[in-house]
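Structure at a glance
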Amino acid sequence: MRRSAAAAVFAVAALSLSACSGSSRSTEDTAGNSQQPPSSKTGESNSQPLAGVKPCEVFTSEQATKLGLSGPGTINEFDNSTCDWKLGEHILGVSVYKDMALNEINFSGDEKTRTTFQGHDALLVRSNERQCSLAFATSGTTSMLVRSTVDVSTPPDTACNLVKKAAPMVEATIFGN
């Protein structure tokens with residue numbers, strides 16, 4: 001019963017993230033990433049970097065072990081472009097937006113910080129102290145989202161720390177780095 005309630009809350013959050021676009025309030029790099037000039041890597045030879053990407057297959061076996069993921073993720077019941085993993089009382093989610101640019105993702109009302117991530121335009125988003133997301137452009141018309149929701153008994157920084165650990169793995173899997 002507890003897992004169902006957490007999954008439902010997370011599903012509603014995921015649904016609200018994909019509805020429409022939002023704007024950013026800052027341009028500083030708080031994700032702790034290199035200060036490379038913003039880019040969506042649109043000049044790469046693969047103009048559709050997400051064409052074959054399935055949200056539950058963004059982590060290699062080795063990466064899943066490093067993150068503490070046990071078993072496969074589950075496609076979100078409200079959004080088939082999103083996969084969720086349960087980590088104890090935490091949830092890690094990845095959304096693959098094959099037809100949605102970074103600026104089209106809805107983060108209405110959330111605290112947003114424009115940044116760069118691995119050379120991609122990105123947004124670090126805090127819905128509250130228990131939720132953290134990093135959305136990054138994979139091309140001019142596609143993007144990815146890695147998010148975490150943590151239990152109230154966990155230090156608030158845990159959500160963003162988990163995202164900062166998982167997002168580079170997702171990016172490496174997609175671009176073969």
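Everything here concerns the structure above.
Residues numbered from 1 in each chain as written. Predicted model: local features only at pLDDT ≥ 70, side-chain atom pairs only at ≥ 80, totals over all residues. Heavy atoms only, no water.

1. Quick look at the side chain of T154
Within the fold, T154 resides in the loop between strand 7 (143–149) and helix 3 (157–175). Using a relative accessible area of 14% as the deciding quantity, one classes T154 as buried. Sequence-distant contacts of T154, that is, excluding residues within four places in its chain, are made with H90 and R130. (Helix = DSSP H or I, 4+ residues; strand = E, 2+ residues; numbered from the N terminus. Buried < 20%, exposed > 50% of the residue type's maximum accessible area, 1.4 Å probe, protein only. Contact = heavy atoms within 4.5 Å.)

2. Here we look at helix 3
Under the 1.5 Å per step criterion, the end-to-end length of helix 3 is 28 Å for 19 residues, consistent within 8% with the ideal 27 Å. After helix 3 finishes, the residue G176 shows a positive phi value of roughly 65°. (Expected span 1.5 Å × (residues − 1).)

3. Overview of the pairing of strand 4 (residues 111–117)
Within strand 4, five of the seven residues are buried, leaving the element largely enclosed by the surrounding structure. Of the pairings in the sheet, the one linking strand 4 to strand 5 (residues 120–128) comprises seven bridges and is antiparallel in character. Across the sheet, the residue bridging to R114 is L123, located in strand 5. Remark: two residues form the turn of the hairpin made by strand 4 and strand 5, two consecutive strands paired antiparallel; Q118 in that turn has positive phi of roughly 50°. (Pairing = 2+ DSSP bridges.)

4. Observations regarding the environment of R147
Positionally, R147 belongs in strand 7. Each C-alpha atom, one on R147 and one on L92, is 5.8 Å from the other, the two residues being 55 residues apart in sequence. Only 3.3 Å separates the side chain of R147 from the side chain of S95, close enough to count as a polar contact. (Polar contact = N/O pair within 3.5 Å; in protein donor to acceptor, adjacent residues only side chain to side chain.)

5. Structural notes on the state of the cysteines
Put plainly, two cysteines are in a disulfide when a covalent bond ties their sulfur atoms together. In this structure the tally under the stated criterion is two disulfides. The disulfide that involves C56 links it to C83, with 2.0 Å between the sulfurs. Taking the sign of the torsion about the S-S bond as the criterion, the disulfide between C56 and C83, at about 100°, is right-handed. One end of the pair, C56, is in the loop between helix 1 (2–17) and helix 2 (61–67); the other, C83, is in strand 2 (residues 79–87), and 27 residues separate them in sequence. Residue classification places C56 among the partly exposed positions, given a relative accessible area of 24%. (Disulfide = S-S within 2.5 Å.)

6. A closer look at the nonpolar core
Ranked by internal contacts, the top residues of the largest apolar core, which has 32 residues, are F59, L92, M144 and V170. Secondary structure elements with two or more residues in this core: helix 2, strand 2, strand 3 (90–97), strand 5, strand 6 (131–137), strand 7 and helix 3. Considering each element in turn, this core owes the most residues, ten residues, to helix 3. Residue contacts for M144: discarding those within four places in its chain leaves L50, V58, V94, S95, V96, L134, A135, F136, T138, V170 and I174. (Core = buried A, V, L, I, M, F, W, Y, C linked by side-chain atoms within 4.5 Å.)

7. Concerning the pattern of salt bridges
If you walk through the whole model with that rule in mind, you get three salt bridges. Between E62 and K66 there is a salt bridge, and its shortest N-O distance comes to 3.5 Å. Placement of the pair is E62 and K66 together in helix 2, with a separation of four residues, close to one helical turn. Between R130 and E129 there is a salt bridge, with the nearest N and O atoms lying 3.6 Å from each other. What makes R130 buried here is its relative accessible area of 15%. (Salt bridge = Lys/Arg side-chain N within 4 Å of Asp/Glu carboxyl O.)

8. Some remarks on the environment of S108
Relative to the assigned elements, S108 resides in the loop between strand 3 and strand 4. With a relative accessible area of 53%, S108 lands in the exposed category.

9. Some remarks on the sheet that holds strand 1 (residues 74–76)
Strand order across the open sheet formed by seven strands is 1-2-3-7-6-5-4, with antiparallel pairing between neighbours. Each edge of the sheet is formed by a strand with only one pairing partner; in this case those strands are strand 1 and strand 4. Direction aside, neighbouring strands of the sheet carry axes that sit 25° apart on average. Two strands pair when backbone bridges link them, and strand 1 and strand 2 are joined in this way by three bridges, in the antiparallel orientation. (Axes fitted to C-alpha atoms, helices over the stretch in contact; angles between N-to-C directions.)

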